[in-house]
Amino acid sequence: VRLSNEWTGRLLAAPAAFYMVAFFLVPTAILLVYSFWTAASYRIVPDFVLANYIDALTSPLFWRVTSNAILIGLVTAAATLILAIPVAYYLTYVSRSQAILYLILITWFSSYLVRIYAWRTLLGTNGLLNTILLQLGLVDVPVEAFLFSRFAVAITLIHVYLPLCILMVVSALRDIKPELIEAARDLGTGPLGAFFRVIAPNAASGLIGAFMLTFILVAGDYVTPQMLGGSSGQTTGLLIADQFRKTGNWPLGAAQAFIMIAITGLLYAAILIAGRATGLLPRRRRPAPHKASQP
Amino acid sequence: MILRLAVWLILGFLIAPIAIIVLFSFHASPALSFPFQGLSLRWYGELIGNVPLRGALMKSLVIASATAVICLLLGAAAALAWLRVSPRTRLGLEMLWLTPIALPGLFVGVSLLVLFAQAGVQLSTVSIVIGHVVIALPVLILTMRARLSLFDPSLEEAARDLGASQLQVFRKVTLPLILPTLVAAAILAFAVSFDEFIVTVFVAGTETTLPMYIWSMMRRTVTPLINAISTLALVFSILILWAAWLIAHLRRRSAIAARTSS
């Protein structure tokens, strides 16, 4: 019996699809159920209460840490995107340099922990930055504030997620024909004008996607804040991670995780609305260009 | 001109911190500051006798290999499926396969932790591999997708019209065409697993992988040993990446050469 292509395909997709259902969707569902349970003296009791959500939403600590995470997330994602755009533009329209692309891939695949450690080395009291400032006579005593601050967390996260952001922006720019930009330049638009009037509207959904993914990864990062955040640089990610590693209130941690995801969703909606209101985003989705069907 | 300057500055920002770690791994003194007091291999020497480090490295290699093999098998079937199903099914499958990328690793880690707790599964090497596949499979499918869109399904049809059985078509036509892409993507899955830390923390139990060992060192002290381990990890990542690139490109080049010479 010969199966149709469609059914052979579905059969072949089954193992990978089953894997993701079993180890991604089902765990997510269990986590959601957990967020309505209660934790009593190190035991988790099945229940259906909103107490965890109310606890999280009324806790000043949660809001302090979450506003911190949103602030760090927005600043970091914006800075990362701003740094990614020139590099992606250069790679797309000026020179398809393989060397630069591999340089970016190598930094992306170089160890995450090593890069966090590198920034701690650079920003520490006896670190490179302070040593240079002391030797240049710009400061008399080492600046302690570099390390264990929001600044340290933000600059490290920018460094960690910039390579990925560049790759995402490259794929967003790839669809824009260089002729469009040339036409705008020929008609007298400056380079910045060409960016805001031609590139940004056409690549808007890709650029927003890159911004949001960077925001999500940054806001959920718990290792960098733990290593470099001190007390002022704590984020929701770290708070959630600690519920599961130390304190042991899993249901509360689960509720906090879903609140964080809801906040991210709201932020995404807000950016889309703001983009449409300011006219940077096309109001309606342009119909996808029809690919010529292959004979 | 300004653009080129900006690009080089940004690339410098990406490279500099990593380059400094590499530089200080050869520093003769434990100080992490200038002036530089001479080169030495003493930190690398101290690594050789470190038994826990060797154990963690072995564990990471085993886990990364297992992750790569599982991803290769699941990914190969997924690739063949991707070539066959209708665009609508494809969209649904991609949503399922790619969503874990769009979520923080923290979320994947804690949800696997509650799954294992609820199912009464002991955390072990196996649970680490399960977690790593969830993270690495989307990366593998995403890398494959771009290349698979270049695959020409009419080649399979031609072989079938010429009387090849379904198995023969697979062995002689489809597999040789997609294998370099698959192997390169599986090597990337290896690299993802080898470096994975965020999810590992939650599913490792008492096991220690290389990143977890580095983490415990980072938390305890600032020791120049970390610079040496970091440099080795970096060299290893570059080698893996280079291998993936080599397989993807050399195979393609030899295929093109074979076609033009015949």
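Keep in mind that what you see is a predicted model, and the values were worked out from it rather than measured.

Draft legend 1. Inspection of the overall build of chain A at higher detail. When helices and strands are tallied, chain A shows 12 helices and two strands. Across chain A, helices and strands are ordered from the amino to the carboxyl terminus as α-β-β-α-α-α-α-α-α-α-α-α-α-α. Along the first, second and third principal axes, the C-alpha set of chain A runs to 80 × 70 × 40 Å. Counting the 295 residues in chain A, one finds 50% classified as buried.

Draft legend 2. Quick look at the overall build of chain B. From N to C terminus, chain B includes 11 helices and zero strands. The order of helices and strands in chain B, counted from the N terminus, is α-α-α-α-α-α-α-α-α-α-α. A buried classification covers 50% of the 262 residues belonging to chain B. Of the contacts formed within chain B by residues at least 6 apart in sequence, a portion of 69% connects residues at least 24 apart. For chain B, the computed accessible surface area is about 12300 Å², with 70% contributed by carbon and sulfur atoms. Placing the 18 positive and 9 negative side-chain charges of chain B at their respective mean positions leaves the two points 5 Å apart.

Draft legend 3. Looking closely at the packing of aromatic side chains. Within the structure shown, the criterion is met by 18 aromatic pairs over all chains. For the ring pair Phe190 of chain B and Phe194 of chain B, a centre distance of 6.2 Å and an interplane angle of 10° mean the geometry is stacked. Placement of the pair is Phe190 of chain B and Phe194 of chain B together in helix H8 (residues 166-195), with a separation of four residues, close to one helical turn. Taken as a pair, Phe190 of chain B and Phe194 of chain B share a single burial class, namely buried. The interplanar angle of 55° and the centroid separation of 6.4 Å between the aromatic rings of Phe190 of chain B and Phe236 of chain B together place this pair among those described as tilted. In this pair, Phe190 of chain B is assigned in helix H8 and Phe236 of chain B in helix H11 (residues 224-261), connecting sequence segments 46 residues apart. Linked through ring pairs, Tyr34, Trp37, Phe244 and Trp250 of chain A together constitute an aromatic cluster.

Draft legend 4. Structural context of the pattern of salt bridges. All names here are of chain B. Tallying each qualifying case throughout the model produces five salt bridges over all chains. For Glu207, the salt bridge goes to Lys59, with nearest N and O atoms at 2.8 Å. With Glu207 in the loop between helix H9 (200-203) and helix H10 (210-220) and Lys59 in helix H3 (residues 51-84), this pair connects stretches of sequence that are 148 residues apart. For Arg145, the salt bridge is made with Glu94, and the minimal N-O distance between the two is 3.2 Å. You can see Arg145 sitting in helix H6 (residues 125-148) and its partner Glu94 sitting in helix H4 (residues 87-98), a full 51 residues away along the chain.

Draft legend 5. Here's a closer look at the environment of Pro201 of chain A. All names here are of chain A. Secondary-structure assignment places Pro201 in helix H9 (residues 191-219). Using a relative accessible area of 21% as the deciding quantity, one classes Pro201 as partly exposed. With 78 residues separating them along the chain, Pro201 and Gly279 place their C-alpha atoms 8.4 Å apart.

Draft legend 6. Inspection of the confidence of the model for chain A at higher detail. Counting all residues, the mean pLDDT for chain A is 85, and 93% of those residues have values of 70 or more. Within chain A, the element-level pLDDT minimum falls on strand S2 (residues 43-45) of chain A, averaging 77, and the maximum on helix H3 (residues 60-94) of chain A, averaging 93.

Draft legend 7. Quick peek at the interface of chain B and chain A. Chain B puts 78 residues into the contact, and the matching count from chain A is 79 residues. In this assembly, chain B and chain A are joined by zero salt bridges. Taken together, chain B and chain A are joined by 16 residue pairs in polar contact (both at pLDDT 80 or more). If you tally residues by element for the side of chain B that touches chain A, the top one is helix H1 (residues 2-24) of chain B, at 13 residues. When grouped by side-chain class, the residues that make up the side of chain B that touches chain A number 60 nonpolar, 13 polar and five charged.

Draft legend 8. Seen up close, the packing of helix H7 (residues 150-173) of chain A against H9 of chain A. Residues and elements named next belong to chain A. Following both chains from N to C, one finds H7 and H9 inclined at 150°, their axes separated by 9 Å at the closest point. Taken together, the axes of H7 and H9 are roughly antiparallel relative to one another. Crossing geometry of H7 relative to H9 is assigned as right-handed. Between H7 and H9, the contacting residues are Leu157, Tyr161, Leu164, Cys165, Met168, Val169, Ala172 and Leu173 on the first element and Ile199, Ala203, Gly206, Leu207, Ala210, Leu213, Thr214, Leu217 and Val218 on the second. In terms of residue class, the contact of H7 with H9 is made up of 15 nonpolar, two polar and no charged.

Draft legend 9. Up close: the confidence of the model for chain B. Summarising the model, chain B shows a mean pLDDT of 87, and 96% of its residues fall at 70 or more. Listed scores for the predicted complex are pTM 0.88 and ipTM 0.87.

Draft legend 10. Inspection of the side chain of Thr28 of chain A at higher detail. As for its position among the elements, Thr28 of chain A is in helix H1 (residues 5-34). Its relative accessible area of 18% is what places Thr28 of chain A among the buried residues. Among residues more than four places away in sequence, those in contact with Thr28 of chain A are Phe258 of chain A together with Phe107 and Ser111 of chain B.

Draft legend 11. Highlighting H10 of chain B. For H10 of chain B, a buried count of eight out of 11 residues is recorded, marking the element as mostly surrounded by other parts of the structure. Where H10 of chain B is concerned, the buried positions are Leu210, Pro211, Met212, Tyr213, Ile214, Trp215, Met217 and Met218 of chain B.

Draft legend 12. A look at the packing of H7 of chain A against H1 of chain B. Here H7 of chain A crosses H1 of chain B at 120°, and the two axes come no closer than 11 Å. What the angle tells us is that H7 of chain A and H1 of chain B run oblique. The element H7 of chain A and its partner H1 of chain B pack so that their crossing is left-handed. For the pair H7 of chain A and H1 of chain B, contact is made by Ile155, Ile158, His159, Leu162, Pro163 and Ile166 of chain A and by Ile10, Phe13, Leu14, Pro17 and Ile18 of chain B, respectively. Looking at the contact of H7 of chain A with H1 of chain B, its residues break down into 10 nonpolar, one polar and no charged.

Here is what the cut-offs are and how they apply
Here, residues in each chain are numbered from 1, in the same order as that chain's written sequence. Lettering of chains starts at A and numbering of ligands starts at 1, both following the order in which they are written. Only residues with pLDDT of at least 70 get local features here, since the model is predicted, and only at 80 or more are side-chain atom pairs given and counted; chain-wide, interface and lining totals rely on the full set of residues. Heavy atoms throughout the structure, all of them, feed into the side-chain values; hydrogens and water do not. The helix and strand labels rest on DSSP assignments: H or I over at least four residues marks a helix, E over at least two residues marks a strand, and numbering proceeds from the N terminus. Between buried and exposed lies partly exposed: a residue is buried under 20% and exposed over 50% of the maximum accessible area for its type, with that area taken using a 1.4 Å probe on protein chains only. What makes two residues a contact is simply this: any of their non-hydrogen atoms within 4.5 Å. The Shrake-Rupley method, run with a 1.4 Å probe sphere, supplies the accessible areas, and residue values consider only the shown protein chains as cover. The charge count treats Lys and Arg as positive and Asp and Glu as negative. His and the chain ends do not count. One atom stands in for each charge, and that atom is NZ of Lys, CZ of Arg, CG of Asp or CD of Glu. Only centres within 6.5 Å qualify two rings of Phe, Tyr or Trp (six-membered ring in Trp) as a pair; their planes then separate them into stacked at under 30 degrees, edge-to-face at over 60, and tilted for everything else. Here, a salt bridge means any Lys or Arg side-chain nitrogen found within 4 Å of an Asp or Glu carboxyl oxygen. Residue-level confidence of the predictor is what pLDDT reports, using numbers from 0 through 100. Any pair of nitrogen or oxygen atoms within 3.5 Å is treated as a polar contact; in protein, a donor-acceptor pairing is required on top of that, and neighbouring residues in sequence qualify only through side-chain atoms on both sides. When residues are grouped by polarity, Ala, Val, Leu, Ile, Met, Phe, Trp, Tyr, Cys and Pro land in nonpolar, Asp, Glu, Lys and Arg in charged, and all others, Gly among them, in polar. Geometry is summarised by axes, namely lines fitted to C-alpha atoms with helices restricted to the contacting stretch, and by angles between N-to-C directions that run from 0 to 180 degrees. Roughly parallel here means an angle under 35 degrees, roughly antiparallel means over 145, roughly perpendicular means 65 to 115, and every remaining angle is called oblique. Two helices cross in a left-handed way if the nearer one is turned anticlockwise from the farther one by less than a right angle. They cross in a right-handed way if the turn is clockwise.

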